[in-house]
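# Descriptive analysis of the structure
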Amino acid sequence: GIAAVSLNLIMGYGGLISFGHAVYLGIGGYTVGILAFHGVTSAWIQWPLAIGLSGAIAFVFGAISLRTRGVYFIMITLAFGQMLYYFAISWSAYGGEDGLSIWVRNEMPGLNTLDPIQFFAVAFGVLCLALWFSARLAGSAFGLALSAARQSEERVETVGLAPFKLRLVAFVISGAITGLAGALFADLNRFVSPTMLSWHTSGEIMIFVILGGVGRLYGPLVGAAVYILLEHLLGGISEYWQIFLGLLLLGMVLFARGGLIGALLGREV
């Protein structure tokens with residue numbers, strides 16, 4: 001859900017379709033895994049590094065990718081994602097294709113993160129902060145300028161704003177938040193692997209946003225919840241449960257452009 005909320009910042013408000021957003025999820029995950037491998041288990045060290053590294057990589061990739069448009073932007077973000085995916089596969093020092101196990105979950109003062117309820121509370125708290133931040137950003141002068149750049153670059157430029165800089169800042173923020181989501185995801189599973197960086201994972205995050213509603217505040221969260229629910233209910237019935245997901249997604253694209261939230265409420269939420 002957190003990863004989808006962060007993608008919605010650039011996809012919903014900025015109109016940027018990134019097909020390599022799993023890169024930042026994987027960077028956050030590998031940051032936690034590598035630090036834990038070397039005995040550093042404090043969340044107050046792991047999280048800032050995961051956020052900082054993901055944001056830094058997003059800045060580099062965004063500075064290059066955002067010079068393109070449309071399908072070229074999609075393909076270059078995919079290319080960057082696959083580049084790091086194959087790098088992780090060949091990184092034998094940290095598991096390579098087999099991945100890296102995390103023996104000890106991160107430590108937080110006063111909490112036992114090995115307790116599922118307490119770890120859920122931590123993740124839920126971060127999700128609430130991500131939603132709050134997304135709402136504030138969308139309603140701020142920066143968010144309005146970003147949305148305006150999506151609609152008409154020329155009008156934004158005439159008032160002295162640079163669309164490229166707006167998109168780059170949004171891209172970095174989105175990558176940084178996704179890195180934090182990756183850190184939590186790695187801790188949840190106590191395992192990190194190149195799969196976190198794959199284009200399949202990027203596609204799943206994008207499905208969350210489209211399914212719930214692009215540009216809707218709670219759309220990514222609803223989309224993620226429905227995806228997990230379908231996986232839980234239908235996964236035990238058939239290993240081909242994603243066929244039903246595909247039909248649902250097709251229906252959303254054809255008949256409910258606002259996603260599930262748009263179909264139910266018909267207004268911005």
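Here the structure is a predicted model, which is why all the values come from computation and not from measurement. (Residues numbered from 1 in each chain as written. Predicted model: local features only at pLDDT ≥ 70, side-chain atom pairs only at ≥ 80, totals over all residues. Heavy atoms only, no water.)

### Here's the deal with the overall build of the chain
Looking only at helices and strands, the chain has twelve helices and two strands in total. The order of helices and strands in the chain, counted from the N terminus, is α-α-α-α-β-α-α-α-α-β-α-α-α-α. The globule rule puts the C-alpha radius of gyration for 269 residues at 18 Å, and the 18 Å found for the chain is close to it. Its C-alpha atoms put the chain at 55 × 45 × 40 Å along the principal axes. Residue pairs at least 24 apart in sequence account for 74% of intrachain contacts in the chain once pairs closer than 6 positions are excluded. A total of about 13300 Å² of accessible surface is found on the chain, and carbon and sulfur atoms cover 69% of it. Put simply, the chain has 12 plus and 12 minus side-chain charges, and the middle of one group is 15 Å from the middle of the other. (Helix = DSSP H or I, 4+ residues; strand = E, 2+ residues; numbered from the N terminus. Rg over C-alpha atoms; globule rule 2.2 N^0.38 Å. Contact = heavy atoms within 4.5 Å. Areas by Shrake-Rupley, 256 points an atom, 1.4 Å probe, with all protein chains shown as cover. Lys, Arg positive; Asp, Glu negative; His and termini not counted. Charge placed at Lys NZ, Arg CZ, Asp CG, Glu CD.)

### Thoughts on the confidence of the model for the chain
For the chain, per-residue confidence averages 91 on the pLDDT scale, and 99% of positions sit at 70 or higher. Taken element by element, the predicted model of the chain shows its lowest mean pLDDT in helix H12 (residues 259-265) (81) and its highest in helix H8 (residues 163-189) (96). (pLDDT = per-residue confidence, 0-100.)

### Thoughts on unusual backbone geometry
For residues that are not glycine, phi is negative in most cases, and the peptide bond is trans in most cases. If you check the backbone angles, Arg-190 has positive phi at about 55° while not being a glycine. Residue position: Arg-190 is located in the loop between H8 and strand S2 (191-192). A relative accessible area of 33% means that Arg-190 is categorised as partly exposed. (Buried < 20%, exposed > 50% of the residue type's maximum accessible area, 1.4 Å probe, protein only.)

### Regarding helix H5 (residues 116-139)
An ideal rise of 1.5 Å per residue puts 34 Å on 24 residues; H5 measures up with 35 Å between its terminal C-alpha atoms. Taken residue by residue, H5 has Phe-119, Val-122, Val-126, Leu-127, Ala-130, Leu-131, Ser-134 and Leu-137 as its buried positions. Each element contacted by the buried residues of H5 is listed here: helix H1 (2-11), helix H3 (43-65), helix H6 (141-151), H8 and helix H10 (219-234). (Expected span 1.5 Å × (residues − 1).)

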